[in-house]
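An overview of the molecular structure
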Amino acid sequence: MTVQCGNRVALVTGGSRGIGAAVARRLAADGIDVAFTYRTAGDSAQSVLADIEAYGRTGLPVRADSADPAAVVGAVEQTVAELGRLDILVNNAGVFAGGPIESVSFDDLDRAVAVNVRGVYLATQAAVRHLGDGGRIVNIGSSFASRVPAPGVSAYAMTKSAVNGLTRALARELGPRGITVNLILPGSTDTDMNPADSAGAYAQRSHIALGRYAAPADVAATVSHLVGDGGRHITGASIAIDGGATA
Ligand SMILES: NC(=O)c1ccc[n+]([C@@H]2O[C@H](COP(=O)([O-])OP(=O)(O)OC[C@H]3O[C@@H](n4cnc5c(N)ncnc54)[C@H](OP(=O)(O)O)[C@@H]3O)[C@@H](O)[C@H]2O)c1
């Protein structure tokens, strides 16, 4: 079976900036119509929309906070209603909650769990009602948080580890329906969340075998592979895009 790129529809959560924006642009370049959510950055969302349309595809920005259950489910339903179908879900929206465990506030913990775990689960639950044979789910975890969590990332690592469990369990559950579920583990990637010129960047770079941060497009290229024909036999996998930082 060859995965058809024409007329497929993707939903990317957190697609207005950073990795999610690169994924939205790359999927459009691959010939896929792309809906994407964002929380506040309307200007950035319009810029991503313009790039999707420049590739000749249809784009759909949806303002939807992943911490709001109704908004998450609504984004999936709006995608299907306006773009006609859903073939690909990329669970990318995420927030960082850092600091020694004694310092993590209830609100920060609650928000990290709501966005990074509950929002991913609810988006996936809503999406699988629409995905058919050849459907694709790609979750975005974290290489450092999952494989070498440093002091001060306990809450973030906990949330990202939950997505690892979800990925593996759903790969088996949805395999019989021809739907793949995979986890990408970005390492240090140059975005607003983790700028390559930040105070902490030197220490991160020292762990990276290739000696440099990833660009968001590096992560998007692997999403493209997983949702394309090359990904047809890959499911339940965790793929690090970290320049060898956890080799
Ligand atoms: N950058 C890294 O080094 C790195 C490493 C490992 C894993 N990751 C993971 O990669 C993913 C993307 O990170 P990034 O670095 O691209 O982050 P980013 O630069 O902070 O961009 C985050 C994107 O997600 C959206 N977003 C944030 N909170 C949201 C919410 N509650 N509801 C809906 N959308 C929301 C933002 O929308 P607005 O523009 O509206 O704010 C923005 O489009 C995250 O899951 C992160 O944990 C990043």
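Residues numbered from 1 in each chain as written. Predicted model: local features only at pLDDT ≥ 70, side-chain atom pairs only at ≥ 80, totals over all residues. Heavy atoms only, no water.

Remarks on the overall build of the protein
Helix and strand content of the protein: eight helices and seven strands. Here the protein holds 247 residues, and the buried ones make up 50% of them. When the accessible surface of the protein is split by element, carbon and sulfur atoms take 51% of a total near 11,100 Å². Counting 20 positive and 22 negative side-chain charges, the protein places the averaged centre of each group 6 Å from the other. (Helix = DSSP H or I, 4+ residues; strand = E, 2+ residues; numbered from the N terminus. Buried < 20%, exposed > 50% of the residue type's maximum accessible area, 1.4 Å probe, protein only. Areas by Shrake-Rupley, 256 points an atom, 1.4 Å probe, with all protein chains shown as cover. Lys, Arg positive; Asp, Glu negative; His and termini not counted. Charge placed at Lys NZ, Arg CZ, Asp CG, Glu CD.)

Considerations on the pattern of salt bridges
Between side chains of opposite charge, a pair can form when the charged atoms approach closely. Enumeration over the complete set of coordinates arrives at six salt bridges. For Arg26, the salt bridge identified is with Asp30, shortest N-O distance 3.2 Å. A relative accessible area of 33% places Arg26 in the partly exposed class. (Salt bridge = Lys/Arg side-chain N within 4 Å of Asp/Glu carboxyl O.)

With respect to helix H8 (residues 216-227)
Taking 1.5 Å as the rise per residue, H8 with twelve residues should run 16 Å; its terminal C-alpha atoms sit 17 Å apart, in good agreement. Among the residues making up H8, those that are buried are Pro216, Val219, Ala220, Thr222, Val223, Ser224, Leu226 and Val227. Contacts made by the buried residues of H8 are with helix H1 (18-29), strand S4 (88-91), strand S5 (136-140), strand S6 (180-186) and strand S7 (238-241). (Expected span 1.5 Å × (residues − 1). Contact = heavy atoms within 4.5 Å.)

What about the packing of helix H3 (residues 69-83) against helix H4 (residues 106-128)?
Contact pair H3 / H4: the axes reach a minimum separation of 9 Å and the direction vectors enclose 35°. For H3 against H4, the interelement crossing comes out right-handed. Within the contact between the two elements, H3 uses Pro69, Val72, Val73, Val76 and Glu77 and H4 uses Arg118, Gly119, Leu122, Ala123, Ala126 and Ala127. Counted by class, the contact of H3 with H4 contains eight nonpolar, one polar and two charged residues. (Axes fitted to C-alpha atoms, helices over the stretch in contact; angles between N-to-C directions. Left-handed = near helix turned anticlockwise from the far one by under 90°. Nonpolar A, V, L, I, M, F, W, Y, C, P; charged D, E, K, R; others polar.)

With respect to the UniProt feature "domain: Ketoreductase" (unreviewed entry) in the protein
UniProt records the feature "domain: Ketoreductase" (unreviewed entry) at residues 8-187, using the numbering of this structure. Within residues 8-187, the helical portion is 49% and the strand portion 17%, while the C-alpha atoms at the span's ends are 29 Å from each other. (UniProt positions renumbered as here; feature names shortened; annotations may be inferred.)

Digging into the pairing of S5
Counting buried residues in S5 gives five out of five residues, a clear majority hidden from the surface. Side chains Arg136, Val138 and Ile140 project from S5 onto one buried face, and the interleaved Ile137 and Asn139 project onto a second face that is buried too. In terms of strand pairing, S4 meets S5 through four bridges, oriented parallel. Looking at the pairing, Ile88 lines up with Arg136 of S5. (Pairing = 2+ DSSP bridges.)

Describing the confidence of the model for the protein
Put simply, the protein has an average pLDDT of 96, and 98% of its residues get 70 or more. Low pLDDT, under 50, characterises residues 1-5; the predicted model gives this stretch eleven contacts beyond four residues in sequence or across chains. (pLDDT = per-residue confidence, 0-100.)

What to know about the site of the ligand
In the vicinity of the ligand, 32 residues are found, and the nearest of them are Ser16, Arg17, Thr40, Tyr156 and Thr191. Within the side chain of Ser16, an N or O atom sits 2.6 Å from an oxygen atom of the ligand. In this structure, the ligand is accommodated by the largest pocket. Those elements that place two or more of their residues in the shell around the ligand are H1, H4 and helix H6 (154-174). Residues belonging to the shell around the ligand are distributed by class as follows: eleven nonpolar, 15 polar and six charged. (Near = heavy atom within 4 Å. Polar contact = N/O pair within 3.5 Å; in protein donor to acceptor, adjacent residues only side chain to side chain. 1 Å grid on protein atoms, 1.4 Å probe; cavity = no way out; pocket = protein on both sides within 12 Å on 5 of 7 lines; lining within 4 Å. Sits in = over half its atoms within 2 Å of the grid points.)

Thoughts on the layout of surface pockets
Considered as a void within the structure, the largest pocket measures approximately 1,200 Å³ in volume. If you trace the largest pocket, you find 44 residues lining it, with Gly94, Phe96, Tyr156, Thr191 and Met193 closest to the centre. Listing elements by their share of the lining of the largest pocket, those giving two or more residues are H1, strand S2 (33-38), H4, helix H5 (143-147), H6 and helix H7 (201-206). Counted by class, the lining of the largest pocket contains 20 nonpolar, 18 polar and six charged residues. (Points joined across faces, edges and corners; volume = space filled by probe spheres on them.)

Topic: the side chain of Arg136
Relative to the assigned elements, Arg136 resides in strand S5. Although Arg136 lies buried, it forms no salt bridge, and the closest oppositely charged side chain, Asp229, sits 6.1 Å away as judged by the N-O distance. In terms of polar contacts, Arg136 uses its side chain to reach the backbone carbonyl oxygen of Leu226, at 3.0 Å.

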